[in-house]
2 protein chains.
Amino acid sequence: MSSKSGADSSRRTRRGVTSVDVAAVAGVSQATVGRVFSSPEKVSPATRDKVQDAAARLGYVPNVIARSLKSQRTNIIGAVVPAFGEYWQSVLTEFSRQLATKDRQLLLFSFAEPGDVDGVLASVAQYRLDGLVLASATIGQDQLIQMRESDRPVVAFNHPAATGIVPSVSVDNEAGMARLAMHLIDTGAREILYVGGVSSASTDQTRYRGASRTLGEHGVACTYLEAGAFTYEAGYKVAQHIVERQSVPDAVMVSSDEVAFGVHDGLRAAGVQVPADLLLTGFDGLSQSAWAGFDLTTLVQATDVLVARAIEILLADDRPPESDPVSVVVSGTIRYGKTTAKRHD
Amino acid sequence: MSSKSGADSSRRTRRGVTSVDVAAVAGVSQATVGRVFSSPEKVSPATRDKVQDAAARLGYVPNVIARSLKSQRTNIIGAVVPAFGEYWQSVLTEFSRQLATKDRQLLLFSFAEPGDVDGVLASVAQYRLDGLVLASATIGQDQLIQMRESDRPVVAFNHPAATGIVPSVSVDNEAGMARLAMHLIDTGAREILYVGGVSSASTDQTRYRGASRTLGEHGVACTYLEAGAFTYEAGYKVAQHIVERQSVPDAVMVSSDEVAFGVHDGLRAAGVQVPADLLLTGFDGLSQSAWAGFDLTTLVQATDVLVARAIEILLADDRPPESDPVSVVVSGTIRYGKTTAKRHD
DNA sequence: ATGTTCAATGACTACGTAAGCATTGAATCC
DNA sequence: GGATTCAATGCTTACGTAGTCATTGAACAT
């Protein structure tokens, strides 16, 4: 309010008010100032007030960097996440949200190409983070093994291939897709096309397994087609291939909602009606899947639960033996939309 | 590959290999090890190899925390961002992506309620970040003034009300909305309804001003209606109010794409055809606006440019005088979708 | 041969905090 | 009243690095 609250006691403009400065003003030792901010109950009310007063006057803010160096904990969780994709964005914000309630922050390490992961992991190692989330289904085995060697808690998020290597949290990809397949069978589908995103992603493989196994058991044909990316555009383009096929299937199962949206719109653009001509399912349960324009049948991941479990693992006091990492699987819920509404044959 | 590369030279298991340890093994001083990692050109090739060899053998990783404490720079940029909203998610990932190319990381501070901002800013202050992005149009004046006092670079992202207080980067909200308004006038609209998100958001106000001024100048009626949130659901619900009004407008201008999507679907659910019965525009240029289901006419923000400019400001060597903060305004591009396709009256 | 220069390296210290240990003094006990 | 106890506080050090300054010795000029 007044003009530039500088020139307090010494000539330090404003940069770097330390606990030592506060101690000097309050007439106590640096140790006592530190105690006021970390374990106030150990300080008598009188001095506590004195210190807090002085701190407020000087505009003292504890330096987390120094604290981290000394205490060996940063209160920061790192997240290695693909730079693109609706799904990962939603996971990310959920992490940030939940961590904020636990006074932890999220440090983002995004990568555009799977090949960039190595560099990112090297960069991650320099920060002594309290924990690390590996949120990508394309991180390789060797990289996972390398991370297991780390002395910091790590958790793989929705990366089935990481199970058994590092602690993991996943939705039940296989069972979820199997249930969607059952639903299609019940609805009368007899020839199904499965559209994957990127076949090297472990989620893609696991989900496809869930579909093909169930469909096979019920004598329903199932062909795999790769969109090439987990994007709307990839789905839109692959829709062309679908309509140009010899035999048009009864239903299309897509391994992710975002791709499914593209398939949906691409099919419509090609004159194929969903669900009249073709049933369609997605996976993930993105918020957009409930939008009226899509109303997509999909498997809804309880992202909040998944994230909560992942955080539990990271912040757990007792480190589980690295020989047998925990693996949490959360089952999803099917959302029945109009893209699989029963046909009137 | 071998069994647990521990028991190297001393009994230190794996935690905390320091430059001192490396120095001991390499037979040089700690200072030289430091030089190898920060300014290698100052070290002779021979010693450099020795050190790098020892470092690799011990698995030495520089400690960024300690480095930050000493050098007073963290290489981390903080971002204060709302926890919800497609737009902010896209901005966030863009920041992360671009910062990664400059060897900077993004530390996320998300908040769910505008009231949480104070707490978040207090938390932010503890980290001695190299810069801070304030990405929210609901941060108050007093909080902005408080941030200006900070000794660290700050930039407000798309927060018109911050202009003149702290350095800012924004899309040209007013002109953009004005151009959309002109487009509607050209298309024949004579009565327009403006749907805002949250009227206290400075973007909302500025955008509305752009619309109402232009419409007023051309004698076109314009009413403001508040959706109450920048969400699909809010838009969907407000669509009911629109159809229930005495006089149904020719066009609806929505202050954000995400809300516009909801309005779009809500109108359709109510039996109103877009664009046959009603024209519709959005703002932001989210990727979904181009999706076939919407094909929304909207103002596309060059998010990559905006983010690039923001980063420039944060990482600039010379700090501009705090009395006259820079203000960058980037103009947007109109994307003409079918929601304003000319009607055949 | 001696002085000069400069690259290469080492010794030392500060960054701001927290934790262990030492010290003080008042309250309590017998 | 003297010994005991314990809360409150101070003193000291370590966390791991980078920058400052000092030192060394080889290459070069005169």
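Thresholds applied
Positions within a chain are numbered from 1, following the residues in the order the chain's sequence is written. Chains and ligands are labelled sequentially in the order written, the chains with letters from A and the ligands with numbers from 1. Residue-level local features of this predicted model are given only where pLDDT is at least 70; pairs of side-chain atoms are given and counted only at 80 or more, and the full residue set underlies all totals for whole chains, interfaces and linings. Side-chain numbers come from the whole structure's heavy atoms, not from hydrogens or water. A least-squares superposition brings the copies together, and it is based on the C-alpha atoms of residues with pLDDT no lower than 70 in both. Working rule for contacts: check all heavy atoms of both residues, and any pair within 4.5 Å makes them a contact. Nearness here has a simple test: a residue counts as near a molecule or strand if at least one of its heavy atoms is within 4 Å of that partner. Pairs of N or O atoms within 3.5 Å make up the polar contacts considered here, provided that, within protein, one atom can donate a hydrogen while the other can accept it, and that residues adjacent in sequence are counted only when both atoms are side-chain atoms. The numbering of helices and of strands both runs from the N terminus, where a helix is a DSSP run of H or I of at least 4 residues and a strand a run of E of at least 2. Summed over both partners, the accessible area (1.4 Å probe) lost when two parts come together is defined as the buried area. By definition, a salt bridge exists where a carboxyl oxygen of Asp or Glu is found within 4 Å of a side-chain nitrogen of Lys or Arg. A strand pair is defined by DSSP finding two or more bridges across the two strands. Expected span of a helix: the number of residues minus one, times 1.5 Å. Burial classes follow relative accessibility: with a 1.4 Å probe on protein chains only, a residue under 20% of its type's maximum area counts as buried, one over 50% as exposed, and anything between as partly exposed. Each residue gets one label: Ala, Val, Leu, Ile, Met, Phe, Trp, Tyr, Cys and Pro are nonpolar, Asp, Glu, Lys and Arg are charged, and the others, such as Gly, are polar.

> Just checking my understanding: could you explain the relation of the copies chain A and chain B for this structure?
The relation between the two chain copies is a rotation about an axis coupled with a shift along that axis. Turning chain A through 180 degrees and shifting it by 0.0 Å along the axis lays it on chain B, with an RMSD of 0.1 Å. Expressed as a symmetry operation, the mapping of one chain copy onto the other fits a two-fold axis. Minimal C-alpha distance to the rotation axis in chain A is attained by leucine 107 of chain A, lying at 2.2 Å. Most of the interface of chain A is mirrored in chain B, where 100% of its interface residues again form contacts.

> I'm lost on the protein's contact with DNA strand C in this one. Help?
Around DNA strand C, the structure places 22 residues, and the nearest of them are Ser19 and Tyr60 of chain A together with Thr32, Arg35 and Thr47 of chain B. Close to the protein, within 4 Å, the atoms of DNA strand C are drawn from sugar and phosphate at a rate of 61%. In this structure, a base nitrogen belonging to DNA strand C sits 3.0 Å away from a side-chain N or O atom of glutamine 30 of chain A. In the model, a phosphate oxygen of DNA strand C is placed 2.2 Å from a nitrogen or oxygen of the threonine 32 of chain B side chain. Counting residues per element, the surface near DNA strand C draws most heavily on helix H2 (residues 30-38) of chain B, which supplies four residues.

> Explain the interface of chain A and chain B here, please?
When the parts come together, some accessible area is lost, and that loss is often what is quoted as the size of the interface. Across the contact, 52 residues belong to chain A and 52 residues belong to chain B. Contact between chain A and chain B buries roughly 4,800 Å² in total, counting both sides, with carbon and sulfur atoms accounting for 57%. Of all residues in chain A, Ile65, Arg128 and Trp291 of chain A bury the most surface against chain B, accounting for 15% of the area lost on that side. Our count for the contact surface shared by chain A and chain B stands at zero salt bridges. Here chain A is connected to chain B by 24 residue pairs in polar contact (both at pLDDT 80 or more). Where the side of chain A that touches chain B is concerned, the elements lending two or more residues are helix H4 (64-71), helix H5 (86-100), strand E2 (105-111), helix H6 (117-126), helix H10 (232-243) and helix H11 (257-269) of chain A. By residue number, the principal contributor to the side of chain A that touches chain B is H5 of chain A, which donates seven residues. As defined by bridge partners, E2 of chain A adjoins strand E2 (residues 105-111) of chain B across three bridges and the pair is classed as antiparallel. Bridging from a neighbouring strand, leucine 106 of chain A pairs with leucine 108 of chain B of E2 of chain B.

> Could you clarify how one ought to interpret helix H8 (residues 173-187) of chain A in this entry?
Residue pairs spaced three or four apart in an α-helix point in one direction, given the helix's 3.6 residues per turn. Residues and elements named next belong to chain A. Under the 1.5 Å per step criterion, the end-to-end length of H8 is 21 Å for 15 residues, consistent within 8% with the ideal 21 Å. By the criterion of burial, H8 is predominantly enclosed, with eleven of the 15 residues buried. A positive phi of about 110 degrees marks glycine 188, the residue just after H8.

> What's the story with the protein's contact with DNA strand D in this structure? I'm lost.
Among the 22 residues in the neighbourhood of DNA strand D, the closest are listed as Thr32, Arg35 and Thr47 of chain A together with Ser19 and Tyr60 of chain B. Within the side chain of glutamine 30 of chain B, one N or O atom sits 2.9 Å away from a base nitrogen of DNA strand D. At the level of secondary structure, the elements contributing two or more residues to the surface near DNA strand D comprise helix H2 (30-38) and H4 of chain A together with H2 and helix H4 (64-71) of chain B. In the surface near DNA strand D, the residues fall into seven nonpolar, eleven polar and four charged.

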